[in-house]
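Geometric and topological summary
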Amino acid sequence: MKFETVSVYGLGYIGLPTAAMFASSGVNVIGVDVNNDIIETINSGSIHIIEPGLDKIVSECVVNGKLRATHTPEEADAFIIAVPTPFKSTDAQIPEPDLTYIEQACNNIAKVLKVGNLVILESTSPVGATEKVCDWLSKLRPDLVVAGENITNPDVNIAHCPERVLPGKAMDELITNGRIIGGITPQCAKVATSLYQLFVQASCFETDARTAEMAKLTENASRDLQIAFANELSIICDELDINVWKLIKLANKHPRVNILQPGPGVGGHCIAVDPWFIANAAPAASKLIKLARTVNEDKPEWVIKKIKNAINTFSATSSDLDKKQLKIVCFGLTFKANIDDLRESPALYITRQMAKQYAGQVYAVEPNITNHSLLSNELFTRVSYDEGVDIGDIFVLLVDHDEFKEQRPIEDHTKIIIDTRGIWSK
Ligand code: SAJ
């Protein structure tokens, strides 16, 4: 099948890099988004997110006419849905996935769908979501035969091809990562594979849609579990006065052991979310998955308790004036190293909680957030690395940005250091 035009719904962290990849392989790409600011930014050749290498490709493809953004659906050969799948806002113990954005994308695609089209769901989705896409589209377009079980030669092929790229390395990983291609039928998977082969240099592994949905959730749940193990170890080692990073380095010398790194908690919009999609679908059977989530969700509170203990230690040996002038400096606010993404960041949560309780005494160093309006209404004060080092009494290392590894470590032994990432804990 020939793909001359591809339309990508949702121009965020996944949709825009994917749209840029198709456009740079010579396909005409129409990006569709609900946000007018995003549409204007892209049509002017710029981007609204930070992803190394993306700005150059977008600007080239906009100039050569291969990529444009709009909020109105237009005809295309293939449609890719890359919209968010958040939780419903309920008080349920296990959060429930919200497929509203996928349904809205289907409503729009249905307006321009035609015989021979391919529709791909890339958004991380609970098991069964791709079948729902088939149901929605066939109800909206009864004149078309939409892919489904036992339907041979449908007018519209449908597949789930989950995105699996690491933020910060998306442009490389889009090309070099293997793809899981879950067709509603084997024929749908084949058609979808031929689309991704336009730019993916690694293998495309074909399977059914439900297995592909579960595979993506499984990858992130597995990482969550491994991080939970590292986080639990860090708490145990703190009680036993053992350096957890040295311990992990030693244990990892075993040929079959590969423990991940502890941190202040798990952030981002993937690993902290996707395991709940499994737990929501099979609550009784997902014991370990739920427990790992709880361990990782509790870690920021443990760090806060550590900081409060440090404040008490400082206060026990200080004058009333020194207590009043105590300054806590938090290093890093993003959800992980060397990115500008604050979504679900445990570092930001910890800094905000401290700033609420110690008004005027909390400072933050974050070299990667240059857009100051993003953190303009915070109760903490932003300072440079050097200022932070000069003014602080308690230093809390929350994100292992390269800048923090490269710059001078804090040498003054009268200061208290809480290093949640192990880069200063020598
Ligand atoms: N983290 C640790 N210790 C570690 C590794 C990570 O505390 O050893 C923390 C990070 O600091 C961060 C969080 O976990 O707060 C998540 O970071 P990450 O680098 O593990 O993952 P993400 O969320 O940036 O991207 C993940 C990736 N999934 C896997 O590696 C299995 C990526 O490939 C997915 O495409 C992405 O989720 C997604 O979009 O689903």
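Just so you know, these numbers come straight off a predicted model, no measurement behind them.

Take the overall build of the protein chain next. Summing up its helical and strand segments, the protein chain has 15 helices and 13 strands in all. In terms of C-alpha radius of gyration, the protein chain reaches 24 Å, essentially the compact-globule figure of 22 Å for 426 residues. Based on the C-alpha atoms only, the size of the protein chain along its principal axes is roughly 80 × 50 × 45 Å. Considering the protein chain as a whole, with its 426 residues, one finds that 53% of them fall into the buried category. A fraction of 70% describes how many contacts in the protein chain between residues 6 or more apart in sequence connect residues 24 or more apart. Total accessible area on the protein chain stands at roughly 20,100 Å², and carbon and sulfur atoms take up 52% of it. Charged side chains of the protein chain number 41 positive and 54 negative; the gap between the two group centres comes to 4 Å.

A few words now on the site of the ligand. Around the ligand, a shell composed of 21 residues is seen, among which Glu163, Lys216, Arg223, Gln261 and Phe335 lie nearest. Arginine 223 is positioned such that a nitrogen or oxygen atom in its side chain is 2.5 Å from an oxygen atom of the ligand. The dominant element in the shell around the ligand, judged by the number of residues it contributes, is helix 8 (residues 209-240), at 5 residues. Per-class residue counts for the shell around the ligand are 9 nonpolar, 4 polar and 8 charged.

Before going further, it helps to spend a moment on the packing of helix 8 against helix 10 (residues 274-281). At a closest axis distance of 7 Å, the pairing of helix 8 and helix 10 adopts a crossing angle of 115°. By the angle class used here, helix 8 and helix 10 are roughly perpendicular. Crossing hand, helix 8 versus helix 10: left-handed. Contact residues: helix 8 offers Met214, Lys216, Leu217, Thr218, Asn220, Ala221 and Asp224, while helix 10 offers Asp274, Pro275, Phe277 and Ile278.

Procedures and definitions
The residue numbering used here restarts from 1 in each chain and proceeds along that chain's sequence as written. With pLDDT at 70 or above as the cut-off, local features in this predicted model cover only qualifying residues; side-chain atom pairs require 80 or more to be listed or tallied, and sums for whole chains, interfaces and linings still use all residues. Water and hydrogen atoms play no part in the side-chain values, which are based on all heavy atoms of the structure. Working definition: helices are DSSP H or I runs of at least four residues, strands are E runs of at least two. Numbering for both runs from the N terminus. This radius of gyration counts C-alpha atoms alone. The globule rule is 2.2 Å times how many residues there are, raised to the power 0.38. Summary of the burial criterion: residues with accessible area below 20% of their type's maximum are buried, those above 50% are exposed, and those between are partly exposed, where the area comes from a 1.4 Å probe applied to protein chains only. When checking whether two residues touch, look at their non-hydrogen atoms; a contact exists if any pair is within 4.5 Å. Here the open area of atoms and residues is found with the Shrake-Rupley method and a 1.4 Å probe, where only the protein chains shown may cover a residue. Residues scored as positive are Lys and Arg, those scored as negative are Asp and Glu, and His as well as the terminal groups of each chain are ignored. Taken as the charge location is NZ of Lys, CZ of Arg, CG of Asp or CD of Glu. Any residue with at least one heavy atom within 4 Å of a molecule or strand is counted as near it. Pairs of N or O atoms are called polar contacts if they sit within 3.5 Å, as long as, within protein, a hydrogen donor faces a hydrogen acceptor (for residues adjacent in sequence, only side-chain-to-side-chain pairs). Classification used: nonpolar for Ala, Val, Leu, Ile, Met, Phe, Trp, Tyr, Cys and Pro, charged for Asp, Glu, Lys and Arg, polar for all others including Gly. Only the stretch in contact is used when fitting a helix axis, every axis being a line fitted to C-alpha atoms; angles between N-to-C directions are given from 0 to 180 degrees. An angle below 35 degrees is treated as roughly parallel, one above 145 as roughly antiparallel, one from 65 to 115 as roughly perpendicular, and anything else as oblique. Take the far helix as the reference: if the near one is turned anticlockwise from it by less than a right angle, the crossing is left-handed, and if turned clockwise, right-handed.

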